[in-house]
Amino acid sequence: MTASSALPGPHASTLDLGGRTALVTGAAGGIGRACVLRLAAAGAKVRAVDRDAAGLDTLADRSAGLAGTVEPLVLDLTDLDAAEHAAAGTDVLVNNAGLQLVRPIEEFPPEVFHTVLTVMLEAPFRLIRGALPHMYGQGWGRIVNVSSVHGLRASAYKAAYVAAKHGLEGLSKTAALEGAPHGVTSNCVNPAYVRTPLVERQITDQALAHGIPEERVVSEVLLQDSALKRLIEPEEVAEAVAYLCGPQASFITGTSLVLDGGWTAH
């Protein structure tokens, strides 16, 4: 059996989100796209947020026939007011959007550091802020923040990404403490390297930063600390997100669900 054939399908566990509205950022590809399709398969009306209009159109086509619906929303998360407004009326919020640049700190462009923190930390804060009034009003809500093993461990040359993910962990825990009396849970999902365009684009940068050929980056850099020597598939992360939205996870809040192949077991 191959790794891909063993992956959970979109209906691998029972989840009924009929009548619920979900919002997923970074929805046009990778983890975000997998989350949109998984939540729509469970019956949710999903607001698929991304700045990639063409990717959202493709996603909408792929969602045809699912129990729920997909509503594409073209939005740049650096527009923080628009992000907060988009989250109004949301029952399930999945903060997933991210970007990456691999550079030593002394060479890291300050403007890129600012953008990464805006998209990956400040925008989630504004989205949570926009979603909570509705969640509190109905006494139910699910916030799932797609963090990373880099929310728990640091790696060289990723100052902005590591800082943003560590901050997201703290934001998620604070939302959990405040949301508990209102029936709202907040958790992180922490994958290691996932088979996404974001990771694929890192390989060239990592090769330059470490001074090794690109073909050695996956085995010697990306998977060096992982006991399981493969990339995670986006659908595996989406299934973890779905689990945290289900009734069996109602007592799970303020924590991190780690999918790192044994990285943090060291």
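Refer to the structure above for everything that follows.
Here the structure is a predicted model, which is why all the values come from computation and not from measurement.

**Quick word on the overall build of the chain**
Part 1 of the reasoning: Summing up its helical and strand segments, the chain has eight helices and seven strands in all.
Part 2 of the reasoning: The C-alpha atoms of the chain give 18 Å as radius of gyration, which agrees with the globular expectation for 266 residues (18 Å, within 12%).
Part 3 of the reasoning: When the backbone C-alpha atoms are referred to their principal axes, the chain occupies close to 55 × 45 × 40 Å.
Part 4 of the reasoning: Across the 266 residues that make up the chain, the buried fraction comes to 52%.

**Description of helix α6 (residues 197-210)**
Part 1 of the reasoning: Taking 1.5 Å of rise per residue, 14 residues should cover 20 Å, and α6 covers 20 Å from first to last C-alpha, within 8% of that figure.
Part 2 of the reasoning: Listed as buried for α6 are Val199, Gln202, Ile203, Asp205, Gln206 and Ala207.
Part 3 of the reasoning: Buried positions along α6 lie against α7 (217-222).
Part 4 of the reasoning: Looking one or two places after α6, you find Gly211, whose phi comes out positive at around 70 degrees.

**Considerations on the pattern of salt bridges**
It is possible for side chains bearing opposite charge to pair when their charged atoms get close.
Part 1 of the reasoning: Counted by the stated rule, this structure contains eight salt bridges.
Part 2 of the reasoning: Among the ionic pairs, Glu233 bridges to Arg195, the shortest N-O distance being 2.9 Å. With Glu233 in the loop between α7 and α8 (234-245) and Arg195 in the loop between β6 (184-191) and α6, the pair connects residues that are 38 residues apart, well separated along the chain.
Part 3 of the reasoning: Residue classification places Glu233 among the buried residues on the basis of a relative accessible area of 14%.
Part 4 of the reasoning: Under the relative-accessibility criterion, Arg195 is labelled partly exposed at 43%.
Part 5 of the reasoning: Shared partners join several salt bridges into a network, and the residues in it are Asp81, Glu84, Arg126 and Arg129.

**Things to note about empty space enclosed by the protein**
Part 1 of the reasoning: Under the criterion given, the structure shown has one cavity of 30 Å³ or more.
Part 2 of the reasoning: Quantified by volume, the largest cavity comes out at close to 50 Å³.
Part 3 of the reasoning: Surrounding the largest cavity, Thr25, Leu77, Asn95, Asn96, Ala97, Val119, Met120, Pro124, Leu127, Val146, Lys165 and Leu168 form its lining.
Part 4 of the reasoning: Residue contributions to the lining of the largest cavity peak at four residues, all from helix α4 (residues 110-138).
Part 5 of the reasoning: Looking at the lining of the largest cavity, its residues break down into eight nonpolar, three polar and one charged.

**Some thoughts on the sheet that holds strand β1 (residues 21-25)**
Part 1 of the reasoning: Strand order across the open sheet formed by seven strands is β3-β2-β1-β4-β5-β6-β7, with parallel pairing between neighbours. Edge positions in the open sheet fall to β3 (69-74) and β7 (256-259), since each of these has one partner strand only. When the angles between neighbouring strand axes are averaged without regard to direction, this sheet yields 15 degrees.
Part 2 of the reasoning: Lying on the sheet, helix α1 (residues 30-41) is in contact with β1, β2 (45-50), β3, β4 (92-95), β5 (141-146) and β6; it crosses β1 at an angle near 170 degrees.
Part 3 of the reasoning: Each of β4, β5, β6 and β7 touches α8; the most contacted strand, β6, lies at about 160 degrees to it.

Conventions adopted
- Residues numbered from 1 in each chain as written.
- Predicted model: local features only at pLDDT ≥ 70, side-chain atom pairs only at ≥ 80, totals over all residues.
- Heavy atoms only, no water.
- Helix = DSSP H or I, 4+ residues; strand = E, 2+ residues; numbered from the N terminus.
- Rg over C-alpha atoms; globule rule 2.2 N^0.38 Å.
- Buried < 20%, exposed > 50% of the residue type's maximum accessible area, 1.4 Å probe, protein only.
- Expected span 1.5 Å × (residues − 1).
- Contact = heavy atoms within 4.5 Å.
- Salt bridge = Lys/Arg side-chain N within 4 Å of Asp/Glu carboxyl O.
- 1 Å grid on protein atoms, 1.4 Å probe; cavity = no way out; pocket = protein on both sides within 12 Å on 5 of 7 lines; lining within 4 Å.
- Points joined across faces, edges and corners; volume = space filled by probe spheres on them.
- Nonpolar A, V, L, I, M, F, W, Y, C, P; charged D, E, K, R; others polar.
- Pairing = 2+ DSSP bridges.
- Axes fitted to C-alpha atoms, helices over the stretch in contact; angles between N-to-C directions.

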